[in-house]
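What follows is each chain in one-letter form.
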Amino acid sequence: MSTKEFESLLVCAERVLARLEAILPGPASPPDWNAAHAFLWRRHHGRATLQPVAMPSVIRLRDLRNIDEQKKRIERNTQQFLAGRHANNVLLTGARGSGKSSLVKALLDEYASKGLRIIEVDRDDLADLPEIMELVAGRPERFIVFCDDLSFGEGEVAYKALKSALDGSISGLADNVLIYATSNRRHLMPEYHDDNNPVRHTDGEIHPGEAVEEKVSFSDRFGLWLSFYPFGQDEYLEIATHWLKVFGVPKERIREARQEALQWALMRGSRSGRVAWQFARDFAGHVD
């Protein structure tokens, strides 16, 4: 190949690379940090963006009832984090509709003025955590990466990414980042009878298989566990009454709503905070 032919080949290669760079997704650009207190990490056609949430759902801590202990512990952890002191990643697990996600969102309403920000990340995008860390590293705000309704199947890439971010990666989380996750599963992954097959017997002791140990140890990487439980009838009615008051229902009508609230829960098959809130919205919507 002559020198002229080689130079021509280099020019063609540079043109091809330039076109590929225009097509291939590059790193996400920083958002307007002053545009919002909450952000969504989203991918579209391979390109990642951190989208400001102009109108996040407003939930107040004082409106969350019958989860006082969980509220106290997560508030204390968050306050330590905002003060620059040591704090833990948090796993909130338990009954559906009991206030897990609402509690995390209510923290933003309470502490946004003190520098708290929330970045919500879908489970399938957790592999992007290192890229998110690069965007927020060095920022003065304190960020909670929020993963809602978290669970994993076997061998998912997102599982490995989150595990590395929590404990195993040499880079780890940025100093101004914590991960708060909610799940209906305590161990975040399905557990099967076959997981116990490789049980070992050594000196009379039973040692469970590595698959079981792996699943249990994953949730152990969250320093703070908060458990949520189903509400009893009285607790459910108390929550429904609170929301009826918030929605402006007259006192005499609130007293009349008790039986309808119980029937509503019976039809839904659940006495949760979410069901109580939904009943109150319906009742307040048609009350005279």
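Look up: the structure comes first, before these words.
These remarks concern the structure in this document. Each chain has its residues counted from 1, running along the sequence as written. At least 70 in pLDDT is required for a residue's local features to be given in this predicted model, at least 80 for side-chain atom pairs to be given and counted, and no such filter applies to totals for whole chains, interfaces and linings, which use all residues. For side-chain calculations, the full set of non-hydrogen atoms in the structure is used, while hydrogens and water are omitted.

1. Focus on a negative patch on the surface
In step 1: On the surface, a cluster of negative charge is made up of Asp-68, Asp-234, Glu-235 and Glu-238.
In step 2: Considering each element in turn, the negative patch owes the most residues, three residues, to helix α7 (residues 233–246).
In step 3: Only DSSP runs of H or I with at least four residues qualify as helices, and only runs of E with at least two residues qualify as strands; both kinds are numbered from the N terminus onward. Of note, Glu-235 is situated in helix α7. Exposure above 30% relative accessible area and the absence of a salt bridge qualify a residue for a patch, where like charges join within 9 Å and nonpolar side chains (Val, Leu, Ile, Met, Phe, Trp, Tyr) within 5 Å. Using the Shrake-Rupley algorithm and a 1.4 Å probe, accessible areas are obtained, with residue cover drawn only from the displayed protein chains. Between Lys or Arg on one side and Asp or Glu on the other, a salt bridge is scored when a side-chain nitrogen of the former is within 4 Å of a carboxyl oxygen of the latter. Positive: Lys, Arg. Negative: Asp, Glu. His and the chain ends are not part of the count. Taken as the charge centre is NZ of Lys, CZ of Arg, CG of Asp or CD of Glu, depending on the residue.

2. Description of the packing of helix α2 (residues 68–82) against helix α3 (residues 100–111)
In step 1: For helices, the fitted axis covers only the stretch in contact; all axes are lines through C-alpha atoms, and the angles between them, taken along N-to-C directions, range from 0 to 180 degrees. Contact geometry for α2 and α3: axes closest at 11 Å, N-to-C directions at 50°. Regarding the angle of α2 to α3, the classification is oblique. Crossing hand, α2 versus α3: right-handed. Contacts between α2 and α3 pair Gln-70, Lys-71, Ile-74, Glu-75, Thr-78, Gln-79 and Leu-82 from the former with Leu-103, Leu-107, Glu-110 and Tyr-111 from the latter.
In step 2: Amino acid classes used here: Ala, Val, Leu, Ile, Met, Phe, Trp, Tyr, Cys and Pro are nonpolar; Asp, Glu, Lys and Arg are charged; the rest, including Gly, are polar. Each residue belonging to the contact of α2 with α3 can be placed in one class, and the counts come to five nonpolar, three polar and three charged. Orientation is classified from the angle alone, with under 35 degrees giving roughly parallel, over 145 giving roughly antiparallel, 65 to 115 giving roughly perpendicular, and any other angle giving oblique. Take the far helix as the reference: if the near one is turned anticlockwise from it by less than a right angle, the crossing is left-handed, and if turned clockwise, right-handed. In what follows, a contact means two residues having at least one pair of non-hydrogen atoms within 4.5 Å.

3. What about a positive patch on the surface?
In step 1: Residues Arg-65, Lys-245, Lys-251 and Arg-255 make up a contiguous surface patch of positive charge.
In step 2: On the secondary structure map, Lys-251 appears in helix α8 (residues 251–256).

4. Notes on the side chain of Glu-75
In step 1: Summarising the element assignment, Glu-75 is placed in helix α2.
In step 2: Here the term buried applies to any residue with accessible area under 20% of the maximum for its type, exposed to any over 50%, and partly exposed to those in between, with areas from a 1.4 Å probe on protein chains only. Notably, Glu-75 is buried but unbridged: the nearest opposite-charge side chain belongs to Lys-71, and the N-O separation is 6.5 Å.
In step 3: For Glu-75, the side chain forms a polar contact with the side chain of Tyr-111, separated by 2.5 Å.
In step 4: Other than its neighbours up to four places away in sequence, Glu-75 contacts Leu-61, Leu-107, Glu-110 and Tyr-111. A 3.5 Å cut-off defines polar contacts: any pair of N or O atoms within that distance qualifies, except that in protein one atom must be a possible hydrogen donor and the other a possible acceptor, and neighbouring residues in sequence count only when both atoms are side-chain atoms.

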